[in-house]
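Commentary on secondary and tertiary structure
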Amino acid sequence: MLDFQLSPLRFTQADVHSTARSAHCRRGRTRQADGGYRQTRCAFVGKPGGLDGGFLPGVSASGMGLRLSQKFVFLLFLSGLVTLCFGALFFLPDSVRLKRIFLSKTDTQPVTVGSGSENDAKEHLKRAKDQEHLRGITSGKGETSTKLKSLSRKPSVSHEATEERLAGGKAQEDLTLFRSKAESASERATFSNHGASSDTFSYNKFKQCLLKAPLGREQGRPSDPRTAERRDKVKEMMKFAWDNYKRYAWGKNELRPLTRNGHIGNMFGGLKGATIIDSLDTLYIMGMTEEYNDAKEWVQTSLDLNSNGEASLFEVNIRYVGGLLSAYYLTGEEVRLIDVHYPSLLVRAAASFIPTCWGWASAGSSILAEFGTLHLEFVHLSELSSNAIYKEKVMNIRKLLSKIEKPHGLYPNFLSPVSGNWVQHHVSIGGLGDSFYEYLIKSYLMSDKTDEEAKKMYYSALEAIEANLVQKSPGGLTYMAEWRGGILDHKMGHLACFSGGMIGIGADDGVPEKRQHYLDLAAEITHTCHESYTPTKLGPEAFRFDGGAEATATRLSDRYYILRPEVIESYMYMWRLTHDPKYREWGWEAVEALEQHCRVDSGFSGIRDVYATTVGHDNMQQSFFLSETLKYLYLLFSDDDLLPLEDWVFNTEAHPLPIIRDSCLQDGGAQDKTVSE
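Because the structure is predicted, anything quoted here is derived from the model rather than measured.

Thresholds, definitions, all that
Residues numbered from 1 in each chain as written. Predicted model: local features only at pLDDT ≥ 70, side-chain atom pairs only at ≥ 80, totals over all residues. Heavy atoms only, no water. Helix = DSSP H or I, 4+ residues; strand = E, 2+ residues; numbered from the N terminus. Buried < 20%, exposed > 50% of the residue type's maximum accessible area, 1.4 Å probe, protein only. Contact = heavy atoms within 4.5 Å. Areas by Shrake-Rupley, 256 points an atom, 1.4 Å probe, with all protein chains shown as cover. Disulfide = S-S within 2.5 Å. pLDDT = per-residue confidence, 0-100. Core = buried A, V, L, I, M, F, W, Y, C linked by side-chain atoms within 4.5 Å. Pairing = 2+ DSSP bridges. UniProt positions renumbered as here; feature names shortened; annotations may be inferred. Polar contact = N/O pair within 3.5 Å; in protein donor to acceptor, adjacent residues only side chain to side chain. Salt bridge = Lys/Arg side-chain N within 4 Å of Asp/Glu carboxyl O. Lys, Arg positive; Asp, Glu negative; His and termini not counted. Patch = residues over 30% accessible without salt bridge, like charges linked within 9 Å, V, L, I, M, F, W, Y side chains within 5 Å. Axes fitted to C-alpha atoms, helices over the stretch in contact; angles between N-to-C directions. Left-handed = near helix turned anticlockwise from the far one by under 90°. Nonpolar A, V, L, I, M, F, W, Y, C, P; charged D, E, K, R; others polar. Parallel < 35°, antiparallel > 145°, perpendicular 65-115°, else oblique. Expected span 1.5 Å × (residues − 1). Phe/Tyr/Trp six-rings, centres within 6.5 Å; stacked < 30°, edge-to-face > 60°.

1. Looking at the overall build of the protein
- If you tally the helices and strands in the protein, you get 23 helices and 22 strands.
- Within the protein, buried positions represent 56% of all 677 residues.
- Look at the contacts in the protein between residues 6 or more apart in sequence, and 70% of them connect residues 24 or more apart.
- When the accessible surface of the protein is totalled, it reaches about 28100 Å², and 51% of it is carbon and sulfur.

Pasting the structure below:
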């Protein structure tokens, strides 16, 4: 809404006797749509002269029969009339059409995200909330179609102008998604059509573009009784973890199982319910209907995504945005995101287009795995919201990374959001770098293998990784070292163990002569990570290959295990790709270890030392344990038609997102293979 300030008119005796005989309305400020102000001045100038000088041109005071006091009253009346007129035009709720008469077309459009001040964005979001009272999830079944409620956008504001206004301060990114009700199939949501003015999104059309039913023929239940029994055990673990979270930490971010209370922390900037959002799709695919409905009701009644705290952009994106997107695509029920305030600029500074990250990062720099792990979720936000800004921002990040000079073809972990240059040459496939590479190959797969730039960047990076980081230990174990300015650090983190699965799913799209090589490399890395799992069958946070060590944590600070999923994630992918039974056996070893060492009376807890004979617990049931670790185990013991890889990619929090088949969606869902209801 435009604010118009009209300062009161002030007169003194000196003003009255001035030879200039002029009356001025003082400078006012008109807030414009871009958040700036337009200075305005109005003036009524009289004829020079003494007291007989006329106030109006060509008309004397005596001719008008007005005394000084009457002139003053007249001016007050006139100023009041002007104020009343502008108030009617600019403040009354039904005055939008009147505004268009006086303002240009570009000034009348609502402010797009990031194009105006924070107050403008808040006011616009508040109006949307008041109109719709949107919150959470509304149930819908089978043929549910989706009705999208999205903010109006300002198309005339250029991306460059937007970035200039964003630079130097904190911005809020409203992520407005999906309203789905159990209404007639004729109701549709606005759907982006890559620059088209508007299109419609039909949930039924989306389902018809899937090659297989998301949950398979029998919800992925294996025919082998032993495998089915193991899958049932994983489901029981999920129920145990969920029930204790609900009993002792409902609405908090994580459960503290030893003290039987909840934990919020500061990673999410005051947002709550991380375990609930992270668990939505896991509960659904496991057929835990009652628990899923409880989670859905909490989102509907209690989820508040308005936060002014400082949070991790990375964590909020992969958990909250990814979790709600996934739940929508799997169920067709409303999963809405509104007013998510990202704690730092999503796109930082004029040239770099890189978001800032946590303050502990080197020299205030941005972290590769943070700004490089937005693409999957933001592409889907643009697909569903009819707003290209989300995809534009992640494409700008990729554009910079594609053209910037890379030492030996490698991507260092730290980059300056101001200069757009690398801050230091530390390269890791584990923490700080990991999911950037993961999102390159998954962006290519999610685009139905049309994103050629992502493919090129991924395989170029993989070649550089092989040439500089992949090593073979004296004992024959293949591992990924870290690179520090040309010097190898022979350490591999647990987080880097996802790379076995990543290289595996990308093997089939490499150059023909290297496809088998990539699959073999994926198997070797997964084997190394299995070997890092100690006699407790749980792995340390990091392990080394120097000083005679073979996949062993030599430092006390690296010996902990916090219920991480990366090794199990690679087991699942390698099982899907090869059907080698050893991956299921290794997964079952992990299940038994989790039961023996991490299960406590009121949930699951990480442990402080995987080598200790007496286990010490860290009193934290991480939300990703329910989202990733247990989900990957469940999929490992399920048939391949449960969330088939032909239709789905998993974000780095294991939330499944569908492959976007534009040609099918634009053709009305016509496919040779369609989903059976």
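Let us keep going from here.
2. Considerations on the state of the cysteines
- A full pass over the atoms with the stated rule returns 2 disulfides.
- The disulfide partner of cysteine 209 is cysteine 664, and the gap between their sulfur atoms is 2.0 Å. Residues cysteine 209 and cysteine 664 are joined through a disulfide that is left-handed, its torsion about the S-S bond being -95 degrees. Within this pair, whereas cysteine 209 is found in the loop between α8 (203–208) and α9 (225–249), its partner cysteine 664 is found in helix α23 (residues 662–666), the two being separated by 455 residues in sequence.
- Of the residues examined, cysteine 209 reaches a relative accessible area of 4% and is grouped as buried.

3. Details of the confidence of the model for the protein
- The predicted model of the protein has a mean per-residue pLDDT of 76, with 67% of residues at 70 or higher.
- Every residue in residues 90–198 is under pLDDT 50, and counting partners more than four places away or in other chains gives 258 contacts.
- Counting interchain partners and residues more than four positions distant, the pLDDT-below-50 stretch residues 671–677 has 17 contacts.

4. As for the nonpolar core
- Ranked by internal contacts, the top residues of the largest apolar core, which has 141 residues, are Leu401, Tyr437 and Ile503.
- Per-element accounting of this core gives the leading share, 12 residues, to helix α12 (residues 313–331).

5. What to know about the sheet that holds strand β16 (residues 487–489)
- Across the sheet, which stays open at both edges, the 3 strands sit in the order β12-β15-β16 with antiparallel pairing between neighbours. Either end of the sheet is taken by a strand with one partner, and the two such strands are β12 (426–427) and β16.
- Here strand β15 (residues 482–484) runs beside β16; their pairing, made up of 3 bridges, is antiparallel. Residue arginine 484 lies in a different strand from β16, and its bridge partner there is isoleucine 487.

6. Looking at the UniProt feature "active site" (unreviewed entry) in the protein
- Here, UniProt's "active site" (unreviewed entry) annotation points to Glu315, Asp434, Glu541 and Glu566.
- Locating glutamate 541 in the fold gives a position in the loop between α19 (515–532) and β18 (542–544).
- Apart from residues lying up to four places away in sequence, glutamate 541 is in contact with Gly493, His494, Leu495, Asp558, Tyr560 and Arg564.
- What makes glutamate 566 buried here is its relative accessible area of 8%.
- Of the polar contacts made by the side chain of glutamate 566, one reaches the side chain of histidine 494; its length is 3.0 Å.

7. Quick word on the side chain of threonine 282
- In this fold, threonine 282 is placed in helix α10 (residues 274–285).
- For threonine 282, the residues in contact, after removing those within four places along its chain, are Met238, Leu626, Ser627 and Lys631.

8. Section: the pattern of salt bridges
- Taken as a whole and assessed by the stated rule, the structure comprises 32 salt bridges.
- The partner of aspartate 489 in a salt bridge is arginine 544, and the shortest N-O contact between them spans 2.5 Å. On the criterion of sequence distance, the pair formed by aspartate 489 in strand β16 and arginine 544 in strand β18 is long-range, its members being 55 residues apart. Arginine 544 carries the same exposure label as aspartate 489, and that label is buried.
- Each of Glu482, Arg484, Asp489, Lys491, Arg544 and Asp546 takes part in salt bridges that share partners, so that together they form one network.

9. Section: the sheet that holds strand β10 (residues 414–415)
- With antiparallel pairing, 3 strands are arranged side by side in an open sheet as β9-β10-β11. The open sheet has two free edges, formed respectively by β9 (366–367) and β11 (422–424), since each of these has just one partner strand.

10. Thoughts on the side chain of aspartate 558
- Structurally, aspartate 558 is set in the loop between β18 and α20 (566–578).
- Arginine 555 provides the closest opposite charge to the buried, unpaired aspartate 558, separated from it by 4.9 Å.
- When sequence neighbours within four positions are dropped, the list of residues in contact with aspartate 558 reads Pro540, Glu541, Ala542 and Ala553.

11. A look at the environment of aspartate 667
- Mapped onto the secondary structure, aspartate 667 falls in the segment after α23.
- By relative accessible area, which is 55% here, aspartate 667 ends up exposed.
- As a C-alpha pair, aspartate 667 and lysine 205 span 462 residues in sequence and 9.4 Å in three-dimensional space.

12. Regarding a nonpolar patch on the surface
- Residues Phe77, Leu81 and Leu84 make up a contiguous nonpolar surface patch of roughly 330 Å² in combined accessible area.
- By the element assignment, leucine 81 lies in helix α3 (residues 68–90).

13. So, the packing of α9 against helix α21 (residues 582–598)
- The geometry of α9 relative to α21 is characterised by a closest axis approach of 11 Å and an angle of 35 degrees between their N-to-C directions. For the element pair α9 and α21, the recorded crossing hand is left-handed. Packed against α9, whose contacting residues are Arg226, Thr227, Arg230, Lys233, Val234 and Met237, the element α21 presents Arg584, Glu585, Trp588, Val591, Leu594 and Glu595 at the interface.
- Looking at the contact of α9 with α21 residue by residue, the classes come out as 5 nonpolar, 1 polar and 6 charged.

14. Looking at the packing of helix α16 (residues 434–446) against helix α17 (residues 452–468)
- Between α16 and α17, the least distance of the axes is 8 Å, while the angle of their chain directions is 140 degrees. With respect to their mutual orientation, α16 and α17 come out oblique. Between α16 and α17 the crossing geometry is left-handed. Note on element contacts: α17 touches α16 through Glu452, Ala454, Lys455, Met457, Tyr458, Tyr459, Ala461 and Ile465, opposite Phe436, Tyr437, Leu440, Ile441, Ser443 and Tyr444.
- Class assignment for the residues of the contact of α16 with α17 results in 11 nonpolar, 1 polar and 2 charged.

15. What about α16?
- The end-to-end C-alpha separation of α16 is 18 Å, in line with the 18 Å expected for 13 residues at 1.5 Å each.
- Here α16 lies mainly inside the structure; 13 of its 13 residues are buried.

16. Some details on the packing of aromatic side chains
- Evaluated as defined, the whole model comprises 23 aromatic pairs.
- Aromatic pair phenylalanine 268 and tyrosine 320: ring centres 5.7 Å apart, planes at 70 degrees, arrangement edge-to-face. Of this pair, phenylalanine 268 sits in the loop between β8 (261–263) and α10 while tyrosine 320 sits in helix α12, and the two are 52 residues apart along the sequence.
- Judged by its relative accessible area of 1%, tyrosine 320 falls in the buried class.
- Members of the aromatic cluster, joined through ring pairs, are Tyr411, Trp422, Phe436 and Tyr437.

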